[in-house]
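# Structure assessment
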Amino acid sequence: MLVLRAMTPEEQSLFQPLSLEHYAQEMASNYNAPIEEMRIEAQKEAEKAQMQNAQFLSIVANNQVLGGLMYLINESRQSAFLLEIFVYKEYRGKGWGKKALQTFEQQLKAAGIKQLRFNVFNDNWTAKNLYTSLNYEITNIMMQKEL
């Protein structure tokens, strides 16, 4: 059985560096930018999220922490913005991300949240396939061109 619960400070100290590095790698790959610059950008965005009261949940099954979620709630819009869903490498490919997202949706719905939004990088086919399988719709596309 999978549960989402508040992340402990110890879990957050493990989750955040891995999550930031993953995000920086994704930005570097998709923006064709130096990884060092993207690490700085990822850190700035994480600090901004903290200032906006980002919330953290641990993904737990069989008393093992499998990863985590970071998100923001906009009560006036009755929406949530998923900043990160991250399953640790050794637990990937086993359906835990899908189960975590479904559980998160149920918890949000029970709290009166009517919409869940997030961004996904274009080359992240695993995530895009997961979101499509759960009936998420593309709402916008960012485009770029090297000049």
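As shown above, the structure is provided for reference.
A brief look at the structure comes next. Since we're looking at a predicted model, the values are computed, not measured.

## Quick notes on the pattern of salt bridges
- In this structure the tally under the stated criterion is two salt bridges.
- Of the charged contacts in the structure, one is a salt bridge between E21 and R39, with a shortest N-O distance of 2.8 Å. Here the residue E21 occupies a position in helix 1 (residues 9-31), and R39 occupies one in helix 2 (residues 35-51), the gap between them amounting to 18 residues.

## A closer look at the nonpolar core
- Among the nonpolar cores identified, the biggest contains 34 residues, and I59, L82, L101 and F104 are the most heavily contacted of them.
- Where this core is concerned, the elements lending two or more residues are strand 1 (2-6), strand 2 (55-61), strand 3 (64-74), strand 4 (79-87), helix 3 (96-110), strand 5 (115-118) and helix 4 (125-133).
- Excluding anything up to four places from it in sequence, L82 contacts L69, M70, Y71, L101, F104, L116, R117 and F118.

## Some points on the packing of helix 1 against helix 2
- One can describe the packing of helix 1 onto helix 2 by two numbers: an axis separation of 8 Å at closest approach and a directional angle of 130 degrees. Here helix 1 is positioned oblique relative to helix 2, judged by the angle of their axes. Helix 2 is crossed by helix 1, and the crossing has right-handed handedness. Taken together, the residues of helix 2 that come into contact with helix 1 (itself represented by Q12, Q16, L20, E21, Y23, A24, Q25, M27, A28 and Y31) are I35, M38, R39, E41, A42, Q43, E45, A46 and Q50.

## Topic: the sheet that holds strand 1
- Taken in spatial order, the five strands of this open sheet run 1-2-3-4-5, and their pairing is mixed. The two strands at the open ends of the sheet, each matched to only one other strand, are strand 1 and strand 5. Geometrically, the sheet is characterised by an average inter-axis angle of 35 degrees between neighbouring strands, direction not taken into account.
- Each of strand 1, strand 2, strand 3, strand 4 and strand 5 is contacted by helix 3, which is oriented at about 60 degrees to strand 1, the strand it contacts most.

So, how was this worked out
- Residues numbered from 1 in each chain as written.
- Predicted model: local features only at pLDDT ≥ 70, side-chain atom pairs only at ≥ 80, totals over all residues.
- Heavy atoms only, no water.
- Salt bridge = Lys/Arg side-chain N within 4 Å of Asp/Glu carboxyl O.
- Helix = DSSP H or I, 4+ residues; strand = E, 2+ residues; numbered from the N terminus.
- Core = buried A, V, L, I, M, F, W, Y, C linked by side-chain atoms within 4.5 Å.
- Buried < 20%, exposed > 50% of the residue type's maximum accessible area, 1.4 Å probe, protein only.
- Contact = heavy atoms within 4.5 Å.
- Axes fitted to C-alpha atoms, helices over the stretch in contact; angles between N-to-C directions.
- Parallel < 35°, antiparallel > 145°, perpendicular 65-115°, else oblique.
- Left-handed = near helix turned anticlockwise from the far one by under 90°.
- Pairing = 2+ DSSP bridges.

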